[in-house]
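One letter stands for each residue in the lines below.
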2 protein chains.
Amino acid sequence: MPTQSEKPGEFDVIEACFRPLTKNIPGAFSLTDDAAVFTPPKNKQIVVTKDAMVAGVHFLETDTPENIARKLLRTNLSDIAAMGGVSFGYLLSTAWTNDTDITWIRKFAAGLAADQEEYGVSLLGGDTVRTDGPLTFSLTLMGTLPNGQVLRRNAAKPGDLICVSGTIGDGALGLLVALGELTLSTDQHNEDLNDRYRLPRPRVSLGPNLLGLANACLDVSDGLLADLSHICTQSNVGACVYQHKIPVSSAAQEAVQMDARLWEKIVSGGDDYELLFTVPATQKNLLVKLAERLEMKLTVIGEIIENLHLDYLDQNNNKIIIKTKGWSHF
Amino acid sequence: MPTQSEKPGEFDVIEACFRPLTKNIPGAFSLTDDAAVFTPPKNKQIVVTKDAMVAGVHFLETDTPENIARKLLRTNLSDIAAMGGVSFGYLLSTAWTNDTDITWIRKFAAGLAADQEEYGVSLLGGDTVRTDGPLTFSLTLMGTLPNGQVLRRNAAKPGDLICVSGTIGDGALGLLVALGELTLSTDQHNEDLNDRYRLPRPRVSLGPNLLGLANACLDVSDGLLADLSHICTQSNVGACVYQHKIPVSSAAQEAVQMDARLWEKIVSGGDDYELLFTVPATQKNLLVKLAERLEMKLTVIGEIIENLHLDYLDQNNNKIIIKTKGWSHF
């Protein structure tokens, strides 16, 4: 972290907060040098991603510093998992505002520390600057992949089953709860959704296990239908997906019972960080076994077709029309 | 680049601007996927750095988009070179403002394209967001290093010669010229300094050639004396450095003849992006040969000492007192 703001004393405190996060990577040189060094394991490729987050756009000002840090790390963990990679280290750029005090930074670093423990990653380097604008972060995450293997978006085949992990829509509905625009009957339901919005749960154990099984994969961040359309565009195929097969939490179930229009939020809201992938129909038994082994809900929600359109259908096979931008371009 | 702003049409234009920058790296997947993949060459380590730049702090609003892009890339190239690495690829996060139009982005990408050509690097991935604050960029640059080798700050030894490439102070004086606070007698001199501020020239050929020769190395970004104090602190040594030995350009020479107080700017202004390194005195002949081979000015400006202080001396060995913060802490 060579670039430092000049606020007196801050340099040391930042070092005190961030240096401990490098303890598992000798080549981070305790953040003393211009760059970090690591030796890639044999027969592995490196997989690398980079995502930025801006206050007011990607997180709420009312989010805790711990959760902002963890969300930043987890959205990147989700990207690496979606490619089938196992993450090991990250670089972090932070642009603090004049309001960002040391207490805030300490909590932010504590959030990173907690998730480093949970996900087995370490800080490699980065830098710290000041901004007159909103808090802005950028994180570069690196992982490894077995040589010659990778999950991409462009290899879905007609006949593939379209699968999704976990439940869909909780993140988008959680944002409504956080903004006070949706209130469910129980605190538990409100909290469940809110939690899912504030803290993604990247499917780090699933991604690497889909290598050799899934034809195409990505993580659901733009919205289920938008992300499915990305797979279709890249793979030059179409898709049929059934609303009644989309897995939703009991909180989301209550929400759509209150207002069926919230289905649109569920399938197009995004921020799910579940994996959406396609599997040859002949491999369905492997899919079931994988779900059992990982103790993870994996649901078939439709199938890949040859025709280049994305059909979103109800249980009577009638098309459901969605107005939200993004997937409709397809 | 999975995260995209929703401005209609922009997605395609950004693709049109940035996708071509990935053409030499198949594992960038033309920016279609969540992450990029590359296979590290055998017997090499990976060296990685990340620097952010904020408008008004790290560049002037009046800088051209081409130069902002190139400065961003070059400051990172300088960091990798300072560790002895050879850069190959980078990830880029951009936070555009509402004023950033497509023409600006095209020029920014053209600046990157020019420097990709010049420095042999390619875009691997990244993302694009919007901000209500100032234009903000973050770049992660990766390079390779021979196994087990690296230039660090912490291995300077008493008796080492302190060396610097090129000339010092042009960047800091160039900022004064750019701000209208300094005007030299000839357009050529004004332009020379201005150019050095706006467009660093990272010493990419020098760094890898210092592996096995230099004991310690970094690039001068905080200021010559501040950066020398970083080497001293990390290496637990001191240094004597002589003002009259510090190499300056003819433009800088004119500046200090006009106002001798500008010496302080030269040694503490920063933004030089020259390499500052220490070499065992016994290797002086190798240093001379290297300078000849690279056709690069390499100047000995002092020596590393055992005593833990940094002496900045005039030709009569009298100490020169500097008020600028940073190095004086040492």
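Worth saying up front: this structure is predicted, and the values here are computed from it rather than measured.

### Focus: the overall build of chain A
At step 1: The helix and strand tally for chain A stands at 10 helices and 11 strands.
At step 2: Over its C-alpha atoms chain A spans a radius of gyration of 21 Å, differing by no more than 12% from the 20 Å that the globule rule assigns to 330 residues.
At step 3: The C-alpha extent of chain A, read off along each of the three principal axes, is 65 × 50 × 35 Å.
At step 4: Classification of the 330 residues of chain A by burial places 62% in the buried group.

### Side note on the relation of the copies chain B and chain A
At step 1: Of the transformation placing chain B onto chain A, the axial shift is 0.0 Å and the rotation is 180°, giving an RMSD of 0.0 Å. In the structure described here, the two chain copies are related by an operation that fits a two-fold rotation axis. Nearest to the rotation axis, the C-alpha of G133 of chain B is located 1.9 Å from it, this being the minimum over chain B.
At step 2: Here 100% of the interface residues in chain B have copies in chain A that are interface residues too; the copies meet face to matching face.

### Points about helix α5 (residues 187-198) of chain A
At step 1: Across its 12 residues, α5 of chain A extends 16 Å between first and last C-alpha, which sits within 8% of the 16 Å expected from 1.5 Å per residue.
At step 2: Where α5 of chain A is buried, its residues touch α2 (65-82), α4 (170-178) and α8 (250-258) of chain A.

### With respect to the interface of chain B and chain A
At step 1: With 56 residues of chain B in contact, the opposing surface of chain A contributes 56 residues.
At step 2: Sorting the residues of chain B by area buried against chain A places D34, V48 and K50 of chain B first, and these three jointly supply 16% of that buried surface.
At step 3: Taken together, the links from chain B to chain A amount to 4 salt bridges.
At step 4: With a closest N to O distance of 3.2 Å, R152 of chain B and D33 of chain A form a salt bridge.
At step 5: Remark: the boundary between chain B and chain A carries 26 residue pairs in polar contact (both at pLDDT 80 or more).
At step 6: Secondary-structure elements contributing two or more residues to the side of chain B that touches chain A are β1 (36-38), β2 (44-54), α2 (65-82), β3 (86-96), β4 (122-130), β5 (136-146) and β7 (216-219) of chain B.
At step 7: When residues of the side of chain B that touches chain A are assigned to their parent elements, the largest contribution, 10 residues, is made by β2 of chain B.

### Some thoughts on the packing of aromatic side chains
All names here are of chain A.
At step 1: All chains considered together, the criterion is met by 16 aromatic pairs over all chains.
At step 2: Here F108 and F137 contribute two aromatic rings whose centre-to-centre distance is 4.7 Å and whose plane-to-plane angle is 20°, an arrangement assigned as stacked. With F108 in helix α3 (residues 102-119) and F137 in strand β5 (residues 136-146), the pair connects residues that are 29 residues apart, well separated along the chain.
At step 3: Judged by relative accessible area, F137 falls into the buried class, the value being 1%.

### What about the state of the cysteines?
Residues and elements named next belong to chain B.
At step 1: Counted under the stated rule, the structure contains 0 disulfides over all chains.
At step 2: Between C240, a free cysteine, and C232, which holds the nearest cysteine sulfur, the sulfur-to-sulfur gap is 9.6 Å.
At step 3: On the accessibility criterion, C240 (11% relative accessible area) is buried.

### Some remarks on a negative patch on the surface
All names here are of chain A.
At step 1: On the surface, D187, E191, D192 and D195 cluster together into a patch of negative charge.
At step 2: Looking at the secondary structure, you find D192 in helix α5.
At step 3: On the basis of relative accessibility, which here comes to 31%, the residue D192 falls in the partly exposed class.

### Points about the sheet that holds strand β2 (residues 44-54) of chain A
At step 1: Strand order in the open sheet formed by 5 strands is β4(A)-β3(A)-β5(A)-β2(A)-β1(B), and the pairing between neighbours is mixed. The strands lining the two open edges of the sheet, one partner per strand, are β4 (122-130) of chain A together with β1 of chain B. Mean inter-strand twist for the sheet, computed between neighbouring axes without regard to direction, equals 20°.
At step 2: Against the sheet, α2 of chain A makes contact with β2, β3 (86-96) and β5 of chain A, and its axis sits at roughly 140° relative to β2 of chain A, the strand it touches most.
At step 3: Sitting on the sheet, α3 of chain A is in contact with β3, β4 and β5 of chain A, with an inclination near 170° to β3 of chain A.

### Digging into empty space enclosed by the protein
At step 1: Counted according to the given criterion, the structure contains 3 cavities of 30 Å³ or more.
At step 2: Considered as a void within the structure, the largest cavity measures approximately 90 Å³ in volume.
At step 3: Lining of the largest cavity is provided by 15 residues; of these, T136 and S138 of chain A together with T136, F137 and S138 of chain B occupy positions nearest its centre.
At step 4: At the level of secondary structure, the elements contributing two or more residues to the lining of the largest cavity comprise β3 and β5 of chain A together with β3 and β5 of chain B.
At step 5: Here the residues of the lining of the largest cavity sort into 7 nonpolar, 8 polar and no charged.

### What to know about the sheet that holds strand β10 (residues 298-305) of chain A
Residue and element names in this part refer to chain A.
At step 1: In spatial order, the strands read β7-β9-β6-β10-β8-β11; together these 6 strands make up an open sheet with mixed pairing. Two strands in the sheet have a free side with no partner beyond their single neighbour: β7 (216-219) and β11 (310-313). Recorded for the sheet is a direction-independent mean angle of 25° between the axes of neighbouring strands.
At step 2: Of the strand pairs in this sheet, strand β6 (residues 161-165) and strand β9 (residues 275-279) are connected by 4 bridges, and their pairing is antiparallel. Residue pairing in the sheet places I162 in a bridge with T278 of β9.
At step 3: Together, β7 and β9 form the strand contacts of α2, whose direction differs from that of β7 by roughly 180°.

Calculation rules
Residues numbered from 1 in each chain as written. Chains lettered and ligands numbered in written order. Predicted model: local features only at pLDDT ≥ 70, side-chain atom pairs only at ≥ 80, totals over all residues. Heavy atoms only, no water. Helix = DSSP H or I, 4+ residues; strand = E, 2+ residues; numbered from the N terminus. Rg over C-alpha atoms; globule rule 2.2 N^0.38 Å. Buried < 20%, exposed > 50% of the residue type's maximum accessible area, 1.4 Å probe, protein only. Least-squares fit on C-alpha atoms with pLDDT ≥ 70 in both. Contact = heavy atoms within 4.5 Å. Expected span 1.5 Å × (residues − 1). Buried area = accessible area lost by both parts, 1.4 Å probe. Salt bridge = Lys/Arg side-chain N within 4 Å of Asp/Glu carboxyl O. Polar contact = N/O pair within 3.5 Å; in protein donor to acceptor, adjacent residues only side chain to side chain. Phe/Tyr/Trp six-rings, centres within 6.5 Å; stacked < 30°, edge-to-face > 60°. Disulfide = S-S within 2.5 Å. Patch = residues over 30% accessible without salt bridge, like charges linked within 9 Å, V, L, I, M, F, W, Y side chains within 5 Å. Areas by Shrake-Rupley, 256 points an atom, 1.4 Å probe, with all protein chains shown as cover. Lys, Arg positive; Asp, Glu negative; His and termini not counted. Charge placed at Lys NZ, Arg CZ, Asp CG, Glu CD. Pairing = 2+ DSSP bridges. Axes fitted to C-alpha atoms, helices over the stretch in contact; angles between N-to-C directions. 1 Å grid on protein atoms, 1.4 Å probe; cavity = no way out; pocket = protein on both sides within 12 Å on 5 of 7 lines; lining within 4 Å. Points joined across faces, edges and corners; volume = space filled by probe spheres on them. Nonpolar A, V, L, I, M, F, W, Y, C, P; charged D, E, K, R; others polar.

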